[in-house]
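Here is how the chains run, residue by residue.
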Amino acid sequence: MAKAGLKGTYAAPAIEKAFEVIELLANRPEGALISEMATDLSRSVGELFRIVVVMERLGYLRKSDASDRYTIAYKLLDVAFRGTPSQELVRAAMPEMQVLALEAGQSCHVVVPNGGRGMVVAREEQPGTRGFALKVGAHIDIIKSCSGQVLLAFSSIQRTERIVRAAEEELGISVDRGWLADRIAIIRRKGHDSRKSPVTHGVTDISFPVFGFDRNVVAALTIPFLELIDGSQKVDLEAARDLLRTAAARVSDRLGYQSD
């Protein structure tokens, strides 16, 4: 008898096809016809038809009455939040994020580790007419980004190494452990990270760790600080950093964290 747990021991074609459909539609916000899914996945319409219909009946996919295109339904997000620690984290973070966005006049978001990447699980946009924010569900580079390095800096050595190895496998990269150790040491000494965005001009990323009741880091709370040309932002960078520090501490407190 084959032993359970060995890679490739069992096959579940229908389940594999269902997840292929979900991953495909995750990158197709406009949706897709079953025929288009079949083409993109190199499968026949017959292979996917019953699977897609069942997924729609169960509420995981939604079919447009106007175009017959399928998109991912919100039920999938609801199940993900209820089945992971993200629900408690988001519930604790949102009130503080709303206050932070209002007082700082800047958007903010929460990032958690997700395999070898970081993922945005909550965001709050600043209430003004100009701002910069990441989408919920967006993936970030956990090795090089401000939020990602904060997560790595305050994780245990073992957890950090697991995340780095996952990133190397998922992204096909080789991480310079010496360079990363230097970055982590600096962030741990400061208690946070702050640097010019490598992607968006005029944005400085600021990030602080959020801790759970077990004193382990659970997330990074981040402001992508947008500096306006006319200097009309509500507070300056230093003040925004102080507000973010306080907000992260309050979220940690809501999660039951107690410092030494």
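Owing to the predicted nature of the structure, the values given are computational and were not obtained by experimental measurement.

Caption draft 1: Molecular detail of the overall build of the protein. Counting its regular elements, the protein contains 9 helices and 8 strands. Expressed as lengths along the three principal axes of its C-alpha atoms, the size of the protein is roughly 60 × 50 × 35 Å. By the burial criterion, 40% of the 260 residues in the protein qualify as buried. Across the protein, contacts joining residues at least 24 apart in sequence account for 54% of those joining residues at least 6 apart. Between the centroid of the 34 positive side chains of the protein and the centroid of its 33 negative side chains there is a distance of 3 Å.

Caption draft 2: Local environment of the nonpolar core. Residues Leu 89, Met 97, Leu 100, Val 110, Val 210 and Leu 221 are the most contacted members of the largest nonpolar core, which totals 27 residues. For this core, the secondary-structure elements that each account for two or more residues are helix H5 (86-104), strand S3 (108-114), strand S4 (117-124), strand S7 (203-211), strand S8 (217-226) and helix H9 (237-254). Per element, the largest residue contribution to this core is 8 residues, and it comes from H5.

Caption draft 3: Just the packing of aromatic side chains, in detail. For the structure shown, the criterion picks out 2 aromatic pairs. Judged by centre distance (6.0 Å) and plane angle (90°), the rings of Phe 154 and Phe 211 are edge-to-face. On the criterion of sequence distance, the pair formed by Phe 154 in the loop between helix H6 (146-153) and helix H7 (157-171) and Phe 211 in strand S7 is long-range, its members being 57 residues apart. Each member of the pair, Phe 154 together with Phe 211, is buried. Summarising the aromatic geometry, the rings of Phe 211 and Tyr 257 are spaced 5.1 Å apart at their centres and angled 25° between planes, so their arrangement reads as stacked. Of this pair, Phe 211 sits in strand S7 while Tyr 257 sits in the segment after H9; the two residues are 46 residues apart in sequence, bridging distant segments of the chain.

Caption draft 4: Fine view of the side chain of Ser 197. Secondary-structure assignment places Ser 197 in the loop between strand S6 (193-196) and S7. Of the residues examined, Ser 197 reaches a relative accessible area of 16% and is grouped as buried. The contacts of Ser 197, once residues within four sequence positions are left out, are Val 203, Thr 204 and Asp 205.

Caption draft 5: Representation of unusual backbone geometry. At Ser 42, a residue that is not glycine, the phi angle is positive and equals roughly 55°. Here Ser 42 lies in the loop between helix H2 (34-41) and helix H3 (45-57). The exposed category is assigned to Ser 42, whose relative accessible area is 69%.

Caption draft 6: Representation of the sheet that holds S3. Sheet architecture is open: 6 strands sit in the order S5-S4-S3-S8-S7-S6, paired in antiparallel fashion. At either margin of the open sheet sits one strand with a lone partner, and together these are strand S5 (139-140) and S6. Of the strands in this sheet, S6, S7 and S8 touch H9, which is tilted by about 20° from S7.

What counts and how
- Residues numbered from 1 in each chain as written.
- Predicted model: local features only at pLDDT ≥ 70, side-chain atom pairs only at ≥ 80, totals over all residues.
- Heavy atoms only, no water.
- Helix = DSSP H or I, 4+ residues; strand = E, 2+ residues; numbered from the N terminus.
- Buried < 20%, exposed > 50% of the residue type's maximum accessible area, 1.4 Å probe, protein only.
- Contact = heavy atoms within 4.5 Å.
- Lys, Arg positive; Asp, Glu negative; His and termini not counted.
- Charge placed at Lys NZ, Arg CZ, Asp CG, Glu CD.
- Core = buried A, V, L, I, M, F, W, Y, C linked by side-chain atoms within 4.5 Å.
- Phe/Tyr/Trp six-rings, centres within 6.5 Å; stacked < 30°, edge-to-face > 60°.
- Pairing = 2+ DSSP bridges.
- Axes fitted to C-alpha atoms, helices over the stretch in contact; angles between N-to-C directions.

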